[in-house]
2 protein chains.
Amino acid sequence: MEIKENGEEEQQIVNPWKVEAKEGGKIDYDKLIDQFGCQRIDQSLVDRVRRLTSHTPHVFLRRDVFFAHRDFNEILDAYERGEKFYLYTGRGPSSEALHLGHLIPFMFTKYLQDAFKVPLVIQLTDDEKCIWKNLTVEESQRLARENAKDIIACGFDVTRTFIFSDFDYVGGAFYKNMVKVGKCVTYNKVVGIFGFTGEDHIGKVSFPPVQAVPSFPSSFPHLFSGQDNLRCLIPCAIDQDPYFRMTRDVAPRIGYHKPALIESLFFPALQGETGKMSASDPNSAIYVTDSAKDIKSKINKFAFSGGQDTIEKHRELGANLEVDIPYKYLKFFLDDDIELAYIGKEYGAGRMLTGEVKQRLIQVLTEIVERHRRARAAVTDEMVDAFMAVRPLPNMFN
Amino acid sequence: MEIKENGEEEQQIVNPWKVEAKEGGKIDYDKLIDQFGCQRIDQSLVDRVRRLTSHTPHVFLRRDVFFAHRDFNEILDAYERGEKFYLYTGRGPSSEALHLGHLIPFMFTKYLQDAFKVPLVIQLTDDEKCIWKNLTVEESQRLARENAKDIIACGFDVTRTFIFSDFDYVGGAFYKNMVKVGKCVTYNKVVGIFGFTGEDHIGKVSFPPVQAVPSFPSSFPHLFSGQDNLRCLIPCAIDQDPYFRMTRDVAPRIGYHKPALIESLFFPALQGETGKMSASDPNSAIYVTDSAKDIKSKINKFAFSGGQDTIEKHRELGANLEVDIPYKYLKFFLDDDIELAYIGKEYGAGRMLTGEVKQRLIQVLTEIVERHRRARAAVTDEMVDAFMAVRPLPNMFN
């Protein structure tokens, strides 16, 4: 069986621009781990995080949402020795309204920042979106600022967090690292990793080093001057793995640690788990701008049910939790392990109906979306400026 | 006859990395003009420059050293209407000592700046040299500063000239233009223009936009803010034409004028006119660091003579000025048209001997090199900082 380096194997395609399960099926995450060469996060790793941070691990870690990693153990080894690290995550600002899937890496990153008390850099790849989506520079930058407000609304600590737009920040030490990375990666290599063709423009070919270099502390001289040995941990969805496979390949050749990764699966579409949610179909996702009424209507109308066709059959056979979207969404967002286990048991046994589970999900999501909306409304332009100012971070390791 | 876009046709190869005549021959500049699609500079254009500037045109213009152009007439049209323009030239800082060939574009650019009273940006492509020559970032930047001293020694006016290192200056508006250019050029296109292969690293593929964007005034917001219509004239050796063919192709698609070009032939090696001088063979060129003794010895020993084998034959047949390097070098550097004509006549008729012509050339070059050495010794680090400071230019159009 031929496995291509860009994640294409038979029909399962996972790369930064496309997430597509085999026809009619779900993403096979075990196969993806094999293809990409990362490791599964097991219970002992979750327990180790609990012990080291004295925090209950985030629901996304307890429930295998962040399910794969590269060298996360080494980050924890270093942390245990008293060394610190920094977090790097990012977002390509392609659309005005974020959906819940977009928030997942940020919710998780906030937890990591709080639990480990480490600095965080958040890259807004407005250049990438200008390159791929045919947006103007100005529109990409406007979207970057709008998205920054949603990110800030997730509760990041301004004394530990630097948010930057590539269009504003690329240059100096960052650009020098881009050149160093570019020198280590042949065109054939990026074709293998990303599937570029000769008809792709060179803006695309030039971009991978931009996403690579925030993994290196020297790209942020105002933060990590003289700390070239500082390790980096990247929380992201697994479709970003190709960028960081490339980065990890290059890192030791230019004198840096390989960045470690902690990778999530995709938040499924309302219609079912065949990929990640699509910004082009508003009915496939719950947006942070959806009203309580929108949420209720979308879940009742579109959330794919694993329940049976008739109440009688349902009482007899129970729901198929493997494909049931309301239950899956609760696994992401219902924090209470006991309640989730109860719902799973009752629903799976047919004693609870889809309507009841949807009802609970509507409550949970409405609360999250309302909380987000309130938090975002409180984010001022001055706060965005404060997060994006090129400055030292006063509470970096406190 | 197949003519490749990258300037390869049969054995004549002219691109930014290779200048090679057909075996045993000279560069065929007429053919190059055809291949590249530029225009020859004719007497009426030289006369027009004389009229518009009220200056005697530079010896390099009078004697076809700058022999080709693109849209230079349009620059002069605009100038005649009272519009200004700016000059852009550059240097890839690859070696510590410059040879006379390296100085030619700068000597000519200084003349243009003085004659037209226009601002000038000089790009030091330290990133390019780091990418191609496997120099470290630090070494490339050190060489850039060393080369800047040689450039400043050519007499540029600090109130009209901005010198920048790519490693220091790439970012902001400059980077935004790089992305805009990158979006307009496919990988296949750069393969056609520059001959890249799949084994070339993506640092190379990413570079052409870096050399392109100083052609656009918005890349220099501290100089040309709000003057996006300002035209750009690029004096350079003709091997740089591929970069600017690409740039001219892109310019109108992103809202800028096509930059105009004025292009020189290559300063021949001492051994004869089969290409441009090579930094790897110190005996092929006169360096600005050569002592008077070095110059004398190199010219006497290595300068290819078009004179005859014996004095008798020489008196009878005269020198072949078409291949005679001492005479060719005088055409570049002996300012006095009457004396040059006299030497040409006497030497060509056999009344003057190679030794006498070499003697005169040694005087001329020793004087130029000595003058350069004195000027360069007077260039302080503070002066380099002043030329390279990101600042408005007070005398831009005065």
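Note: the structure precedes this text.
To start, this report covers the structure provided alongside it. What you see is a predicted model; the values in this text were computed from it and never measured.

## Description of the pattern of salt bridges
Item 1. As enumerated under the stated definition, the model contains 52 salt bridges over all chains in all.
Item 2. The salt bridge partner of Arg62(B) is Asp337(B), with a shortest N-O separation of 2.9 Å. Residue Arg62(B) is found in helix α3 (residues 59-62), and its partner Asp337(B) is found in helix α18 (residues 337-348); the two are separated by 275 residues along the sequence.
Item 3. Exposure remark for Arg62(B): the relative accessible area of 23% places this residue in the partly exposed category.
Item 4. Taking relative accessible area as the criterion, Asp337(B) reaches 38% and is therefore assigned partly exposed.
Item 5. Several salt bridges share partner residues, and in doing so they unite Arg145(A), Glu146(A), Lys149(A), Asp150(A), Arg376(A), Asp381(A) and Asp385(A) into one network.

## Section: the packing of helix α10 (residues 187-194) of chain A against helix α14 (residues 241-250) of chain A
All names here are of chain A.
Item 1. It is the contact of α10 with α14, at a shortest axis distance of 9 Å, that shows an interaxial angle of 145°. As for how α10 packs across α14, the hand of that crossing is right-handed. Seen from α10, the contacting residues are Lys189, Val190, Ile193 and Phe194; seen from α14, they are Pro242, Tyr243, Met246 and Asp249.
Item 2. Looking at the contact of α10 with α14 residue by residue, the classes come out as 6 nonpolar, no polar and 2 charged.

## Looking at the side chain of Thr89(A)
Residue and element names in this part refer to chain A.
Item 1. Within the secondary structure layout, Thr89 lies in strand β5 (residues 85-91).
Item 2. Its relative accessible area of 3% is what places Thr89 among the buried residues.
Item 3. Those residues in contact with Thr89 that lie beyond four places of it in its chain are Pro105, Phe106, Thr109, Leu120, Val121, Ile122, Gln123 and Pro235.

## Quick word on empty space enclosed by the protein
A probe matching the size of a water molecule, rolled over the atoms, marks out where space remains unfilled.
Item 1. Counted under the stated rule, the structure contains 1 cavity of 30 Å³ or more.
Item 2. Considered as a void within the structure, the largest cavity measures approximately 230 Å³ in volume.
Item 3. Tyr175(A), Met178(A), Ser206(A), Met178(B) and Ser206(B) are the residues nearest the centre of the largest cavity, which is lined by 21 residues in total.
Item 4. Residue assignment for the lining of the largest cavity shows that the elements contributing at least two residues are α9 (172-182), α11 (202-206) and α12 (208-212) of chain A together with α9 (172-182), α11 (202-206) and α12 (208-212) of chain B.

Each value, and the rule that gives it
- Residues numbered from 1 in each chain as written.
- Chains lettered and ligands numbered in written order.
- Predicted model: local features only at pLDDT ≥ 70, side-chain atom pairs only at ≥ 80, totals over all residues.
- Heavy atoms only, no water.
- Salt bridge = Lys/Arg side-chain N within 4 Å of Asp/Glu carboxyl O.
- Helix = DSSP H or I, 4+ residues; strand = E, 2+ residues; numbered from the N terminus.
- Buried < 20%, exposed > 50% of the residue type's maximum accessible area, 1.4 Å probe, protein only.
- Axes fitted to C-alpha atoms, helices over the stretch in contact; angles between N-to-C directions.
- Left-handed = near helix turned anticlockwise from the far one by under 90°.
- Contact = heavy atoms within 4.5 Å.
- Nonpolar A, V, L, I, M, F, W, Y, C, P; charged D, E, K, R; others polar.
- 1 Å grid on protein atoms, 1.4 Å probe; cavity = no way out; pocket = protein on both sides within 12 Å on 5 of 7 lines; lining within 4 Å.
- Points joined across faces, edges and corners; volume = space filled by probe spheres on them.

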